[in-house]
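Breakdown of the fold
Now for the letters of each chain:
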Amino acid sequence: MTALLASLAALAAPEVADEKEPQERARKTPRAEKDPDQLVWSGIVLPLFGANSQDGPGFGLGGEIFARRRAREEGYRIKFTGLFWITTDFGYTSDYVQVDYRSKTHWIGRLGYRGWRNHAYVGAGGADVQLLPKDAEIGNRVTGPFGFLGASRGVGGPWKAFAQAYYKTYFVRPGDDAILRDDRPYGVDGATYLDFTVGLELDTTDRWPMPRNGVRAEISGRAGVTFPKHDEVGFLAGSYAEIIAWKSLGKHLTFAGRVTGDQTAGKRPFFEQDIAGGRWRDELGSDQMFAGYGRTRTRGDGFFAAMVEVRPYFFKTNHKFLDFAFHASAFAEAAWLTEAGEAGPILPTVGFGPQVVFQGAIQCRPYAAWGWRSGEPGDPRKPVPQFGISFLDPL
């Protein structure tokens, strides 16, 4: 009897071990295998420093917080971006918060405030933009809030349809001896501007941000209305088109190119002439198109720009938290501003800088860009540098 019980106990022991073994495996299984769709959060906040020939040196604070599926090593489901920037003479401030949510419906919204004590205005079109800054173009006070909200959703294959609402109210006080006071462009006494955009977007990129292969393109139209302080209500129609292509040559080198154009007809307030159409409403003369010519003074009824970029990749730390990928970016652009449908002189830009990506989701790009300017019309043009820090690549 005792032998029989011992035999039964020996048979039972492996069965107990078999029950415990899955529990041990579960404890050792990575959480990504248990719940790959769970969102995990991360982010970074950095002090910012920069300078350009338009606003002078400045400083600020910028940061991004994002969440993505635990199983992914790059990209994000949702990202919050915040920026506070002010120049050392307190002449310019730019502050905004942005939310970028990427799911079946891609939502992006931004709300911010900008203010200048020395807002630059030299007119519209490239003939004056190519000149070196003069005292008469500054001294203007321009302040106010802005914002936009847009959404896109797939309509078949890589195509998406999108819509966007955009808002801006600026309060304006021209300088006593400023060009802005003499020219009195539309919106010179301040105005509220609204527009609504609809369009189509194509996206075959292999990852975001920092694609290595694929194409992103969009085409859109917008209708706008302006409610000026001391002028008649004005209406505007505009179109925007863009195509960007990336191609990698091995693991460590990516080539890219972008062609983009924007054109409007109707009454466009002067403070909106330096903002592109499309989903992202890029600021001309800043960290995207016309990067070598300075913000606010780079304006027109429309523009055309073509850029090429070379982006080498160096290494990645692969740390659990301090996961940084180190790249560089060198770019060259040929661009034209238009006034009343007429293209001005070519405005070339070249630039470069390091580019760091934190945890495959947050970009930081200190850069230098040179635009070719002259002291007076007809004089030889020479390169003049701009410096800045961007959370975007140059495309």
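Note: the structure precedes this text.
Source: prediction; values computed, not measured.

Let's talk about the environment of Val-384
Within the element layout of this structure, Val-384 appears in strand β17 (residues 382-390). According to the relative accessible area criterion, Val-384 is buried, its value standing at 13%. Residues Val-384 and Asp-100, 284 residues apart in the sequence, show an inter-C-alpha distance of 34 Å.

Observations regarding the side chain of Arg-68
Here Arg-68 shows up in strand β2 (residues 56-69). With no salt bridge to any partner, buried Arg-68 finds its closest opposite charge in Asp-323, at an N-O distance of 5.3 Å. If sequence neighbours within four positions are ignored, Arg-68 has contacts with Gln-38, Leu-39, Val-40, Glu-73, Glu-74, Gly-75, Tyr-76, Arg-77, Gln-359, Gly-360 and Ala-361.

Quick word on the nonpolar core
Nonpolar side chains in soluble globular proteins tend to end up buried together. Among the nonpolar cores identified, the biggest contains 23 residues, and Leu-180, Phe-270 and Phe-271 are the most heavily contacted of them. Of all the elements in the fold, those that place two or more residues in this core are β3 (78-87), β4 (92-102), β5 (105-119), β6 (140-156), β7 (159-173) and β8 (191-203). Those residues in contact with Leu-180, other than ones at most four positions away along the chain, are Tyr-121, Asn-140, Val-172, Pro-174, Pro-185, Val-188 and Phe-270. The next biggest cluster of nonpolar side chains, apart from the first, holds 13 residues, and it includes Val-122, Leu-284, Ala-305 and Leu-337.

What counts as what
Residues numbered from 1 in each chain as written. Predicted model: local features only at pLDDT ≥ 70, side-chain atom pairs only at ≥ 80, totals over all residues. Heavy atoms only, no water. Helix = DSSP H or I, 4+ residues; strand = E, 2+ residues; numbered from the N terminus. Buried < 20%, exposed > 50% of the residue type's maximum accessible area, 1.4 Å probe, protein only. Lys, Arg positive; Asp, Glu negative; His and termini not counted. Salt bridge = Lys/Arg side-chain N within 4 Å of Asp/Glu carboxyl O. Contact = heavy atoms within 4.5 Å. Core = buried A, V, L, I, M, F, W, Y, C linked by side-chain atoms within 4.5 Å.

By themselves, these are just geometric observations and shouldn't be taken as functional.
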